[in-house]
Amino acid sequence: MDFPILSSLILLPSVGALFLLFANESTTTNRQTIKYVALFVTFLNFFISIYLWYLFDNSIFDFQFVEEKMWLKGFVNYKVGIDGISILFVVLTTFITPLCIISVNNSIKYRLKDFLIAILILESLMIGVFCSLDLVIFYLFFEGGLIPMFLIIGIWGGDKRVYSAFKFFLYTLLGSVLMLIAIIVIYITSGTTDIVKLYEVGIDPNFQNLLWLAFFSSFAVKTPMWPVHTWLPDAHVEAPTPGSVILAAILLKMAGYGFLRFSIGLFPFASEFFTPLIYFLSLIAIIYTSLVALMQEDMKKLIAYSSVAHMGFVTLGIFTLKQQGLEGSIIQMISHGLVSAALFLLVGVLYDRIHSRLIKTYGGLVSVMPKYSILLMLFTLAAIGLPGTSGFIGEFLILMGAFQDSFLVATIASLGVILGASYMLWLYRRVVFGKLINNELLKITDLNKSELFILSCLALPTIFFGFYPEPLLNTIAVSVSSLIEMYNYNLTILGNNSG
Amino acid sequence: MDKLNFIYPEIFISLSIMFLLILGVFKKNSSNLINNLSILTLIGTLVLIFNHPFNTNLNIFNGSYKIDFISSYMKILTILSGIFVLITSSKFLKIFKIFQIEYSILILCSILGMFVMISSNDLIVFYIGLELQSLSLYVLASFNRDNIKSSEAGLKYFVLSALSSGLLLYGCSLIYGFTGTTNFNEISNIINNNQYGLTFGIVFILAGLAFKISAVPFHMWAPDVYEGSPTSVTLFFAVAPKIAALTVFIRFLYVPFINVIEQWQLIIVFLSIASMVFGAIAAIGQKNLKRLIAYSSIGHMGYALAGLCTGTIEGVQSSILYISIYLVMNFGFFSCLFMLKRNNKYHEDIDDLSGLSKNHPLIALSLLIILFSLAGIPPLAGFFAKFYIFKAVLEQSMYYLAIIGLLSTVIAAFYYLRVVKIMYFDSEKEKFDTDYTLGLKFTLSLSTILILFYFIYPSKLVEIVSKINII
């Protein structure tokens with residue numbers, strides 16, 4: 001591969017942002033043009049990533065499209081590449097971003113240009129996270145994303161936006177600085193930060209536990225896992241709709257991806273050692289946040305808590321360290337990316353019209369917004385994990401992996417599925433069914449064309465992958481099995497060496 | 001006489017100072033001219049430094065004066081900050097009606113003092129340089145003499161600085177008493193571990209030097225002096241003396257006393273931790289931007305010292321890299337400060353920045369980038385500065401220092417974020433004047449671009465710095 005396709009994928013949105021920086025947004029036509037430029041750039045990126053998926057060879061477990069350039073001399077190389085796991089996240093990122101940009105019409109009322117610049121830069125950084133094959137490069141992209149997200153929450157957010165933005169930023173930064181220490185220590189002990197080389201060399205088992213914890217502190221905050229999940233509901237509630245969508249659909253996945261790529265890949269010993277801890281925290285997240293979600297009065301908060309529960313499933317699946325568990329986690333992440341994005345957009349639709357996110361404001365929407373009700377039904381069912389939606393495949397595989405590992409853990413996790421169904425269906429009942437009490441709702445309009453377009457775009461893959469998950473499973477199968485092979489191999493080799 | 005050619009830069013500055021002084025006295029209303037000529041002088045000095053090879057390692061004047069890579073590099077940094085101060089400050093001084101010939105001449109004097117400090121390889125030479133730069137700085141701090149705060153700043157700086165110079169001199173005499181020499185190289189040949197008097201000497205000198213770079217617990221003067229001095233002088237305070245003092249720190253610790261590292265390492269570690277933590281916490285409550293940057297600079301000096309306490313050449317290099325990047329960030333920050341002018345009045349409170357992003361989007365964006373860089377958020381230049389420091393620290397297995405340092409960056413991030421919040425999230429106020437001078441625009445855009453795009457090609461600066469070899 002001569003053409004640096006991954007680097008152009010990373011750079012393209014930033015170049016678009018640079019163009020927008022000098023644009024003038026004084027008139028409505030200008031604002032439209034700016035939006036179209038951003039849309040063009042992101043769609044172009046989407047098509048490049050689809051083409052990349054097409055070029056991608058499923059049968060090779062090595063990283064593909066690898067680019068390596070000298071960066072920090074003799075120390076860190078700029079190295080990007082993708083395998084079966086990261087390609088899906090790259091496509092998810094490039095797929096969600098244009099949809100977010102279409103949705104700005106309704107939710108972003110001022111400073112459109114700045115918003116689009118922030119979103120585009122964020123896209124660059126997010127793609128970078130999923131492509132980077134060097135710890136330092138990864139950290140750069142991972143942390144860099146804080147700046148645009150901080151601004152998105154802080155400038156375009158709701159009433160408590162300042163508090164939420166600060167909480168988001170400081171929580172994540174605090175988690176990440178420990179990871180930075182761990183990265184430097186890895187460099188000092190192993191002599192490289194190149195992931196591929198580190199996979200081969202392995203990391204001294206005596207250090208692994210501490211290093212694992214340092215990485216965990218960063219990923220746990222970002223996932224978010226109980227008990228460091230408290231920033232998420234705040235951030236979600238205050239962020240503007242496109243911000244919430246990006247946060248839920250992509251930013252949270254960076255941590256799940258980090259667990260897969262780094263925690264398991266680099267620290268097999270520690271992962272084995274800490275599996276009970278992850279199980280414990282994941283189960284608490286699944287049960288406790290589901291219960292909390294039941295009691296929420298704010299729709300966005302409810303979905304935010306449901307995100308925590310879903311990510312609990314993801315971490316559970318990853319640390320079963322079984323083929324099914326890992327595959328399930330990845331599909332669950334992709335599916336959650338689509339479904340939570342859609343749910344936040346659906347809440348955004350109501351908020352744009354009535355300016356309230358409280359559940360009690362609504363009721364009986366089915367008679368005034370039929371299209372809306374159908375789509376909400378679809379995504380509610382997908383969130384529950386009904387067979388025929390992508391959510392089902394993910395949860396099913398995760399539970400299958402978990403049952404192989406521990407019957408008790410799997411049973412408790414299954415309870416979470418029931419709780420999930422109860423809070424989502426109850427939400428649906430209260431919002432859509434019942435009597436139309438609020439007179440304001442009589443004047444409400446159904447989905448307009450752009451909203452319908454965005455939601456259909458999200459609905460299609462949700463249903464398609466629900467019935468036919470083969471494309472996803474084929475893409476990840478080889479990478480996942482080689483990851484697990486490597487994990488088991490390292491475990492035995494190092495175990496024998498250290499006695 | 002053949003060795004004189006190595007100190008042409010110093011000689012050139014001294015001659016220019018005398019010439020400009022005479023010119024200023026005889027020619028009326030010549031402050032503008034003197035200012036421009038001073039800039040030219042600095043550029044000329046820069047050329048003279050570039051004129052002789054960088055890789056020399058020379059001890060001249062009986063080994064009391066050293067010309068090597070680190071001295072050339074640090075002198076260049078000093079000159080750049082001098083040039084920057086002079087091109088940005090003329091308008092500021094005119095508005096305050098303190099645009100007098102002495103201003104640029106004093107800055108030149110102080111830079112000459114710093115040159116001597118940077119090159120000194122001898123306690124006495126070092127002290128002479130230190131006093132020359134300090135005396136100029138006393139006057140500069142109180143340059144706006146009709147303003148009570150400025151006079152207070154000058155007086156405060158003078159009293160405390162004189163005290164610290166006293167301590168320093170006492171330390172020098174102790175060291176001389178126990179070794180019988182003031183030359184750094186000779187001291188290193190003589191010392192051994194058992195001389196407690198020597199340890200006292202080191203402690204006194206370190207206290208004096210810590211005062212000059214405003215490390216905790218010798219930082220008390222910094223916020224008041226920063227706030228009281230005219231902003232252009234504050235900028236000079238924030239960068240130039242720190243470059244010089246850091247060089248002396250490096251030379252003093254790494255040439256004569258590297259073999260007794262266990263005697264001073266803990267002191268530096270303490271200074272470093274205390275500065276990082278205190279700088280981060282104390283800045284949170286500040287309302288004045290200049291006070292804020294004073295506390296921020298205390299914190300940043302903590303990081304620079306963290307690199308120093310490792311006792312390795314990588315540590316020294318990381319400190320120098322840090323101070324170089326810190327310099328650029330300060331240029332940017334103060335350029336923004338110079339732009340906050342409304343009806344010929346400068347605004348220094350954080351609240352004055354309110355809604356800056358709506359009225360002046362480009363300034364706000366630059367300040368945003370600079371602040372995130374000061375906070376050390378990747379991928380901006382400030383991150384790399386910290387990254388190298390912590391790499392050097394962790395290579396010596398000083399985990400606690402790295403962890404405390406990085407946690408204090410999280411605390412520090414809070415107050416930088418607060419400024420960003422006021423700029424971006426709050427509602428706008430009246431617009432500021434937009435009659436910026438060309439120099440100001442140039443420095444702001446240059447420093448912002450350097451900070452923002454440093455990550456594209458970070459190797460060059462590292463490569464230059466890694467040529468530094470002190471031992």
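The coordinates are above.
Conventions used here
- Residues numbered from 1 in each chain as written.
- Chains lettered and ligands numbered in written order.
- Predicted model: local features only at pLDDT ≥ 70, side-chain atom pairs only at ≥ 80, totals over all residues.
- Heavy atoms only, no water.
- Helix = DSSP H or I, 4+ residues; strand = E, 2+ residues; numbered from the N terminus.
- Rg over C-alpha atoms; globule rule 2.2 N^0.38 Å.
- Buried < 20%, exposed > 50% of the residue type's maximum accessible area, 1.4 Å probe, protein only.
- Contact = heavy atoms within 4.5 Å.
- Areas by Shrake-Rupley, 256 points an atom, 1.4 Å probe, with all protein chains shown as cover.
- Lys, Arg positive; Asp, Glu negative; His and termini not counted.
- Charge placed at Lys NZ, Arg CZ, Asp CG, Glu CD.
- Patch = residues over 30% accessible without salt bridge, like charges linked within 9 Å, V, L, I, M, F, W, Y side chains within 5 Å.
- Salt bridge = Lys/Arg side-chain N within 4 Å of Asp/Glu carboxyl O.
- Buried area = accessible area lost by both parts, 1.4 Å probe.
- Polar contact = N/O pair within 3.5 Å; in protein donor to acceptor, adjacent residues only side chain to side chain.
- Nonpolar A, V, L, I, M, F, W, Y, C, P; charged D, E, K, R; others polar.

Enquirer: Explain the overall build of chain A here, please?
Expert: For chain A, the count of helices and strands is 21 helices and two strands. Its C-alpha atoms give chain A a radius of gyration of 22 Å, within 12% of the compact-globule value 23 Å for 499 residues. By principal-axis analysis of the C-alpha atoms, chain A measures approximately 75 × 55 × 40 Å. Taking all 499 residues of chain A together, the buried fraction comes to 66%. Intrachain contacts of chain A at a sequence separation of at least 6 include 81% that bridge at least 24 residues. Accessible area for chain A stands at about 17200 Å²; split by element, carbon and sulfur atoms hold 67% of it. Separation between the mean location of the 27 positive side-chain charges and that of the 29 negative ones in chain A comes to 13 Å.

Enquirer: Quick question: what am I supposed to make of a nonpolar patch on the surface here?
Expert: The grouping of A:Leu18, A:Phe22, A:Met70, B:Ile449, B:Phe453, B:Ile456 and B:Tyr457 at the surface amounts to a nonpolar patch, some 770 Å² of accessible area in total. On the secondary structure map, A:Leu18 appears in helix α1 (residues 5-21). What makes A:Leu18 partly exposed here is its relative accessible area of 47%.

Enquirer: So what exactly am I meant to see when it comes to the interface of chain A and chain B here?
Expert: Accessible area lost during the coming together of the parts is what is often quoted as the interface size. Taken together, the contact between chain A and chain B spans 33 residues of the former and 37 residues of the latter. Taking both partners together, chain A and chain B bury about 3300 Å²; carbon and sulfur atoms supply 85% of that area. At the junction of chain A and chain B, the tally comes to zero salt bridges. Where chain A meets chain B, there are four residue pairs in polar contact (both at pLDDT 80 or more). With 15 residues, the single largest contributor to the side of chain A that touches chain B is helix α8 (residues 161-190) of chain A. Classifying every residue of the side of chain A that touches chain B by side-chain character gives 27 nonpolar, two polar and four charged.

Enquirer: I'm lost on the side chain of A:Ser306 in this one. Help?
Expert: In this structure, A:Ser306 sits in helix α14 (residues 299-320). At a separation of 2.7 Å, a polar atom in the side chain of A:Ser306 contacts the main-chain carbonyl oxygen of A:Ile303.

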